[in-house]
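A closer look at the structure
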Amino acid sequence: MRKLRVLVVIVGLLAGSAAALAQIKGIGRLNGKVVDSGGAAIEGVSVKLRQGVDVLETKTDGRGEWVLAGVARGSWMLAFEKDGYETKVVRVVVEKEMLRTEPIKVTLTR
């Protein structure tokens, strides 16, 4: 009987955690491209999307392109960082959770 109670408590905690995660993570998607001042793609740029303690992150590919999925509605800070370049931070407001959005083009300078 004690094992059953412990199991019920664990299942309850997991269900509560899943519900909280579902509220944080959305179905939206952001994407874009990072280039240098000459227009050349920059590979390996760290792209971090922050809202409070929630962070989604990725890196740019060989074409300078990046995608972040699971973005919820709200105001986010989007940071682009790579050694040798100035960090760029932009504010992004997600009003609708859409699977297709306009690409965000960012230029990093040395």
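Residues numbered from 1 in each chain as written. Predicted model: local features only at pLDDT ≥ 70, side-chain atom pairs only at ≥ 80, totals over all residues. Heavy atoms only, no water.

Next up on the list: the side chain of Ser46. Looking at where Ser46 falls in the secondary structure, it is placed in strand E2 (residues 46–51). We classify Ser46 as buried; its relative accessible area is 11%. If we skip the residues at most four places from it in the chain, Ser46 touches Thr58, Lys59, Ala79, Phe80 and Glu81. (Helix = DSSP H or I, 4+ residues; strand = E, 2+ residues; numbered from the N terminus. Buried < 20%, exposed > 50% of the residue type's maximum accessible area, 1.4 Å probe, protein only. Contact = heavy atoms within 4.5 Å.)

Reading across the sheet, the three strands line up as E4-E1-E7 and stay open at both edges, with mixed pairing between neighbours. Where the open sheet ends on each side, the last strands, each with one partner, are strand E4 (65–71) and strand E7 (104–108). Ignoring strand direction, the axes of neighbouring strands in this sheet form an average angle of 25°. Sheet analysis places strand E1 (residues 28–36) next to E7, joined by five bridges and oriented parallel. Note on E7: the bridge partner recorded for Gly32 is Ile104. (Pairing = 2+ DSSP bridges. Axes fitted to C-alpha atoms, helices over the stretch in contact; angles between N-to-C directions.)

With that settled, the discussion passes to the confidence of the model for the chain. Low pLDDT marks regions whose predicted coordinates should not be analysed in detail. Mean pLDDT over the chain: 82, with 75% of residues reaching 70 or higher. Note on residues 13–24: pLDDT is under 50 here. Beyond four places in sequence and across chains, it has two contacts. (pLDDT = per-residue confidence, 0-100.)

Oppositely charged side chains can pair when the atoms bearing their charge come close. Using the criterion set out here, one finds two salt bridges in the structure. Residue Arg63 pairs with Glu65 through a salt bridge whose shortest N-O separation is 3.3 Å. By relative accessible area, Arg63 is classed as exposed at 53%. Here the salt bridges share partners, and the residues they tie into one network are Asp61, Arg63 and Glu65. (Salt bridge = Lys/Arg side-chain N within 4 Å of Asp/Glu carboxyl O.)

Here the focus is the sheet that holds strand E5 (residues 74–81). In any sheet, the strands associate via hydrogen bonds between backbone groups, in a parallel or an antiparallel arrangement. Strand order in the open sheet made by the four strands is E3-E2-E5-E6, with antiparallel pairing throughout. At either margin of the open sheet sits one strand with a lone partner, and together these are strand E3 (54–59) and strand E6 (88–94). On average, each strand axis in the sheet is tilted by 20° relative to the strand beside it, whichever way the strands run. In this sheet, E5 lies alongside E2 in antiparallel orientation, the contact comprising five bridges. Paired with Ser46 across the two strands is Glu81, which belongs to E5.

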